[in-house]
Amino acid sequence: MLSPRVVREALSGIAGKRILVVGDVMLDRYVEGDVKRLCPEAPVPILSKATTQDLPGGAANVARNLHEWGARAILVSVLGHDREAVSLITAMICERHFFVSEKGRPTTVKKRFVGSGHLLMRHDEEVGYPIAQRSATALMAEVKHVLPKCDGVLLSDYGKGVLTEDVLEQIIGFAGSHEKPVVVDPKGKDYRRYAGATVITPNVPELCVASGRHLETENEIVGASIDLVLEVGAKAVMTTRGRDGYVLAMHDQTAFVHPAVAEVVVDVTGAGDTVAAMMIAAMSTGNVIPFCAELANLAAGVVVGKRRTATASPTEIVRALE
């Protein structure tokens, strides 16, 4: 059971830790205004545009979360050669970033239209094909330069092509040779591509895809999580369950089931980023995995109570526990 004093000490220990974040970055663009009438051509709302806000998303949001807790996030990724890339770089909040610019590849943009506080529609501009070999080579050169100086590695996989099988194998292998913990926020069907990672953090829909099963009950989620630990050879799998908390399956086939801590769920955007970020941040200080999972669950509970892509400050995390 967490106490405010223990949480404060854990969060203070994160400050100054160097975390390498590699994965798919994206621009979360919010177009927000008022809705006062319906369109005469079709029964859809007319949005009177008031403001546009750009926020870092995907792996960039992971780095933003780490920065919020005082960690020194180093972000490595691939961007397109376009105006959206410039907007994302402008919105970035982290210690350091290294972006490979790939011509002909659009920067991923998730544009959300919000009217009178309600999400009306989301428009995604993205591709999912693998990055060019030239980009992968440049990315890995930077990873090998900075990883030995870091305290942990987080791989943020949104399936947009940055984390190819070869890139994953190289990073996880290189991290293992330097005895650095690796947390993976996964995507896709075959989690064997994450073999050698320390902790994997899927949500239930992602676990369903990976396991090839329709999972509904708590026992089914526990069983699939344990199967995934054994298949990948990880130390743990933390399966987040939204309003129902999470399941933590360990490599010795024991499992922990915890409820959510959020009193009100307003927006789940970016909650998975927060979970993965807190897992690696807490692990980088030497904490045991079950304790790190509890901290991650606590931080995510703060984030889902906010609108838009958000972070949870140390003060907010402690206050949520109190």
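Anything mentioned here points back to the structure above.
Since the model is a prediction, treat every value here as computed from it, not as a measurement. (Residues numbered from 1 in each chain as written. Predicted model: local features only at pLDDT ≥ 70, side-chain atom pairs only at ≥ 80, totals over all residues. Heavy atoms only, no water.)

**Q** In this structure, what is going on with the overall build of the chain? I would like to understand it.
**A** The helix and strand inventory of the chain stands at 10 helices and 13 strands. Computed over C-alpha atoms, the radius of gyration of the chain comes to 19 Å, within 12% of the 20 Å expected from 2.2 N^0.38 for 322 residues, which places it in the range of a compact globule. By its C-alpha atoms, the chain is 60 × 45 × 40 Å across when sized along the principal axes. Among the 322 residues that make up the chain, the fraction classed as buried is 52%. Summarising the internal contacts of the chain: among those between residues at least 6 apart in sequence, 66% fall at separations of at least 24. Here the chain displays about 14300 Å² of accessible surface, and carbon together with sulfur accounts for 51% of that area. Taken together, the 35 basic and 38 acidic charged side chains of the chain have centroids lying 5 Å from each other. (Helix = DSSP H or I, 4+ residues; strand = E, 2+ residues; numbered from the N terminus. Rg over C-alpha atoms; globule rule 2.2 N^0.38 Å. Buried < 20%, exposed > 50% of the residue type's maximum accessible area, 1.4 Å probe, protein only. Contact = heavy atoms within 4.5 Å. Areas by Shrake-Rupley, 256 points an atom, 1.4 Å probe, with all protein chains shown as cover. Lys, Arg positive; Asp, Glu negative; His and termini not counted. Charge placed at Lys NZ, Arg CZ, Asp CG, Glu CD.)

**Q** Mind showing me how you'd approach the sheet that holds strand β6 (residues 109-115) here?
**A** Either a parallel or an antiparallel arrangement is found when strands of a sheet pair, and the pairing is made through backbone hydrogen bonds. Ordered by their spatial adjacency, 4 strands build an open sheet running β3-β2-β6-β7, and the pairing between neighbours is mixed. Strand pairing shows two members of the sheet lacking a second neighbour, β3 (45-58) and β7 (118-125), which therefore form its edges. Mean inter-strand twist for the sheet, computed between neighbouring axes without regard to direction, equals 20°. As paired elements, strand β2 (residues 25-38) and β6 share 7 bridges and run parallel to each other. The partner of G33 across the bridge, within β6, is G115. In the packing of helix α2 (residues 59-68) onto the sheet, the strands contacted are β2 and β3, and the crossing angle to β3 comes to about 70°. (Pairing = 2+ DSSP bridges. Axes fitted to C-alpha atoms, helices over the stretch in contact; angles between N-to-C directions.)

**Q** Quick question: what am I supposed to make of the sheet that holds strand β8 (residues 152-156) here?
**A** Ordered by their spatial adjacency, 9 strands build an open sheet running β5-β4-β1-β8-β9-β10-β11-β12-β13, and the pairing between neighbours is mixed. In the strand order of this sheet, the two ends are held by β5 (96-102) and β13 (255-258), each with one partner. One ladder, built from 4 bridges, connects β8 with strand β9 (residues 182-185); its direction is parallel. When the bridges of β9 are listed, L154 appears paired with V183. Contacting β1 (18-23), β4 (72-80) and β5, helix α4 (residues 133-146) runs over the sheet at an angle of about 165° to β5.

**Q** Would you mind going over the nonpolar core with me for this structure?
**A** The nonpolar side chains of a soluble globular protein tend to be buried with one another. With 56 residues, the main nonpolar core has L66, W69, L75, M278, M279 and I317 as its most contacted residues. For this core, the element with the highest residue contribution is helix α9 (residues 289-303), accounting for 11 residues. Excluding residues that lie within four positions of it along the chain, L66 makes contacts with I19, V21, A71, A73, A277, I280 and A281. Core analysis: the next-biggest nonpolar cluster, separate from the first, contains 46 residues, A136, V182, V204 and V247 among them. (Core = buried A, V, L, I, M, F, W, Y, C linked by side-chain atoms within 4.5 Å.)

**Q** Help me out: how do you make sense of the packing of aromatic side chains in this one?
**A** Here the distance between the centres and the angle between the planes together describe a pair of aromatic rings. On inspection of all chains with the given rule, the structure shows 1 aromatic pair. On the basis of an interplanar angle of 65° and a centroid distance of 5.4 Å, the ring pair of Y191 and Y194 is categorised as edge-to-face. Y194 shares its class with Y191; the two are buried. (Phe/Tyr/Trp six-rings, centres within 6.5 Å; stacked < 30°, edge-to-face > 60°.)

**Q** Looking at this structure, I do not really get the pattern of salt bridges. What am I missing?
**A** Pairing between side chains of opposite charge can happen when their charged atoms approach one another. Following the criterion strictly, the structure yields 14 salt bridges and no others. Between K187 and E206 there is a salt bridge, with its nearest N and O atoms 3.1 Å apart. In this pair, K187 is assigned in the loop between β9 and β10 (199-200) and E206 in helix α6 (residues 204-211), connecting sequence segments 19 residues apart. For K187, a relative accessible area of 31% gives the class partly exposed. Among the salt bridges present, the one from D227 reaches R213, with a minimum N-O distance of 2.8 Å. (Salt bridge = Lys/Arg side-chain N within 4 Å of Asp/Glu carboxyl O.)

**Q** In this structure, what is going on with helix α7 (residues 218-232)? I would like to understand it.
**A** The periodicity of an α-helix, 3.6 residues per turn, causes residues three or four positions apart to be oriented the same way. In this model α7 runs 21 Å from its N-terminal to its C-terminal C-alpha over 15 residues, within 8% of the 21 Å that 1.5 Å per residue would give. Turning to α7, the residues buried within the fold contact β10, α6, β11 (236-240), β12 (246-250) and β13. Looking one or two residues past α7, G233 carries a phi angle of roughly 80°, positive in sign. (Expected span 1.5 Å × (residues − 1).)

**Q** Looking at this model, I keep getting lost on the packing of helix α1 (residues 4-14) against α9. Mind explaining?
**A** Packed helices, taken two at a time, are described by the angle their axes make and the gap between the axes. Relative to each other, α1 and α9 sit at 95°, their axes nearing to 12 Å. What the angle tells us is that α1 and α9 run roughly perpendicular. Contacts from V6, V7 and A10 of α1 reach α9 at F291, L295 and L298. Across the contact of α1 with α9, the residue classes tally to 6 nonpolar, no polar and no charged. (Parallel < 35°, antiparallel > 145°, perpendicular 65-115°, else oblique. Nonpolar A, V, L, I, M, F, W, Y, C, P; charged D, E, K, R; others polar.)

**Q** Could you clarify how one ought to interpret the state of the cysteines in this entry?
**A** Disulfides are covalent bonds that connect the sulfur atoms of two cysteines. Per the counting criterion, the structure on display carries 0 disulfides. In this structure C94 is not part of a disulfide, and its nearest cysteine sulfur, from C150, lies 12 Å away. Looking at C94, the relative accessible area reads 16%, which means it is buried. Here C292 is not cross-linked by a disulfide; its sulfur's nearest cysteine counterpart is in C150, at 17 Å. Taking the relative accessible area as the measure of exposure, C292 reaches 0% and is therefore buried. (Disulfide = S-S within 2.5 Å.)

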